[in-house]
Amino acid sequence: MKPKPKPKPTPEAEAVNGWIPVGDAWRKQVAAFKATKADPPPADAGNLPEFRADCKYSHRLADDPIVFPGLPGASHMHSFVGNKAVDADTRTADLTKFTATTCKPVKDRSAYWVPTLYDNATKKPVETTGFRVYYRSLQNNSAGQMPMPNGLRMISGDAKKKEPTPRGAQGQFYCAFYGPGDIDGVARSTNGNWPICGGDATLHFTLRFPDCWDGKHLDSPNHKDHVAYGSGNACPADHPVKIPSLTFEIQYGVKGSKAGYYLSSDPAGKSASSMHGDAFVMWDVNAMNQRTKNCIVQRRTCNNDGYDPFSY
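Note that the structure is predicted; figures quoted are calculated from it, not measured.

Visitor: How would you sum up the pattern of salt bridges? Please name residues and give values.
Guide: Under the criterion given, the structure shown has six salt bridges. Ionic pairing is found between E50 and R136, a salt bridge with its closest N-O pair at 2.8 Å. With E50 in strand 2 (residues 50-55) and R136 in strand 9 (residues 128-136), this pair connects stretches of sequence that are 86 residues apart. Across the pair R52 and D54 runs a salt bridge, and its minimum N-O distance is 3.5 Å.

Visitor: I'd love a proper account of the environment of M148, names of residues and values included.
Guide: By secondary structure assignment, the location of M148 is in the loop between strand 9 and strand 10 (153-157). Overall, the relative accessible area of 0% leaves M148 in the buried class. When the C-alpha positions of M148 and T301 are compared, they lie 17 Å apart, and in sequence the two are 153 residues distant. When sequence neighbours within four positions are dropped, the list of residues in contact with M148 reads W26, Q29, Y135, M154, I243, P244, L246, V281 and M288.

Visitor: If you had to explain the state of the cysteines to someone new, which residues and values would you point to?
Guide: Linking two cysteines covalently through their sulfur atoms gives a disulfide. A complete count under the given rule lists four disulfides for this structure. Through a disulfide, C55 is tied to C103; the S-S separation comes to 2.0 Å. In this structure, the disulfide formed by C55 and C103 twists by about 100° around the S-S bond and is classed as right-handed. One end of the pair, C55, is in strand 2; the other, C103, is in strand 5 (residues 103-104), and 48 residues separate them in sequence. Disulfide partner of C175: C197, at an S-S distance of 2.1 Å. Note on the C175 and C197 pair: the S-S dihedral is about -90°, so by sign convention the disulfide is left-handed.

Visitor: Just give me the short version of the environment of P244, but keep the residues and values in it.
Guide: When you line up the elements, P244 lands in the loop between strand 18 (241-242) and strand 19 (245-252). With 52 residues separating them in the primary sequence, P244 and I296 have C-alpha atoms 7.8 Å apart. Discounting residues that sit within four places of it in the chain, P244 has contacts with Y135, R136, Q145, M146, P147, M148, P210 and I296.

Visitor: I'd like a rundown of a nonpolar patch on the surface, residues and numbers included.
Guide: Taken together, V67, F68 and L71 make up a surface patch of nonpolar side chains, about 210 Å² in accessible area. Looking at the element boundaries, F68 is found in the loop between strand 3 (57-61) and strand 4 (78-82). When its relative accessible area of 31% is taken as the criterion, F68 is described as partly exposed.

Visitor: Could you give an account of the packing of aromatic side chains, naming the residues involved and the relevant values?
Guide: Taken as a whole and assessed by the stated rule, the structure comprises 13 aromatic pairs. Where Y112 meets F248, the ring centres are 5.6 Å apart and the plane angle is 80°; that geometry is what we call edge-to-face. Of this pair, Y112 sits in strand 6 (residues 111-115) while F248 sits in strand 19, and the two are 136 residues apart along the sequence. The interplanar angle of 55° and the centroid separation of 4.9 Å between the aromatic rings of F209 and F248 together place this pair among those described as tilted. Of the two residues, F209 sits in the loop between strand 14 (202-208) and strand 15 (212-213) while F248 sits in strand 19, which places them 39 residues apart along the sequence. Overall, the relative accessible area of 0% leaves F209 in the buried class. Ring-pair connections join several aromatic residues into one group, and the members of that group are F173, W194, F205, Y252 and Y261. Directly above the aromatic system of Y134 lies the positively charged group of R136, at a separation of 4.1 Å from the ring centroid. If you follow K293 out to its NZ or CZ, it ends over the ring of F33, 4.6 Å from the centre.

Thresholds, definitions, all that
Residues numbered from 1 in each chain as written. Predicted model: local features only at pLDDT ≥ 70, side-chain atom pairs only at ≥ 80, totals over all residues. Heavy atoms only, no water. Salt bridge = Lys/Arg side-chain N within 4 Å of Asp/Glu carboxyl O. Helix = DSSP H or I, 4+ residues; strand = E, 2+ residues; numbered from the N terminus. Buried < 20%, exposed > 50% of the residue type's maximum accessible area, 1.4 Å probe, protein only. Contact = heavy atoms within 4.5 Å. Disulfide = S-S within 2.5 Å. Patch = residues over 30% accessible without salt bridge, like charges linked within 9 Å, V, L, I, M, F, W, Y side chains within 5 Å. Areas by Shrake-Rupley, 256 points an atom, 1.4 Å probe, with all protein chains shown as cover. Phe/Tyr/Trp six-rings, centres within 6.5 Å; stacked < 30°, edge-to-face > 60°. Lys NZ or Arg CZ within 6 Å of the ring centre and 35° of its normal.

Pasting the structure below:
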């Protein structure tokens, strides 16, 4: 007897033309957040308003549940960290149900992914060896700060961008040192688009996401219009809700080479300009609310478990 085919998932129940409304869960989260009391910070807590999750590589698929929901294999290859069950069919309810994660804390059940990096000489994938996700304030005050809503989808960067990334360019991979060093590398790949790192440095990449939200939608047709970047330490009128800004700090355990690399989003161009990141947010609500109050509203530095003496 042949196994029954897996049913094709339907879009999120209330989605209209790519806009997914936030729903009752957010209203309940807001009420709980307002009732949440901040814990007094330790005397030696740092003053960077942020908390974080440290995640490990989980799996690799040519899927994108944000851009190509329900279409397995429709995307370029992505490397996923966080929620272990993510594929093209993943919806908000799935992240609630399937909670196994490669992130610490385990109360972060979100899915994060980036295009897969390949070694240009061997054509083999180079997976992340470190993937830290910061939730932080980009503004100089926390007035009106709200937590991140579960089910929020966001994309940072442009998968279609195809521009060179020579030494000094914005949006390039860089070399991270424990101490002074040239972030552009001691040399470059033959095509000039990739740094070659000296000393103990390895390749890194940073992606920063918006910190303002329209308060109405968990996603939009282009996966960007429902969020915006604040300016002048305030959010724009059409995106008035101040949320934590995600920042991906991604480490690759390679030093670079003359052959260089390429991304699955631009296998021909072999530059870094198409680097981008996706986030599909899902936290234990109480953990998200408490960290937002403790770390961002009080403007204190927290680690994976909450408060952190500023010791790194």
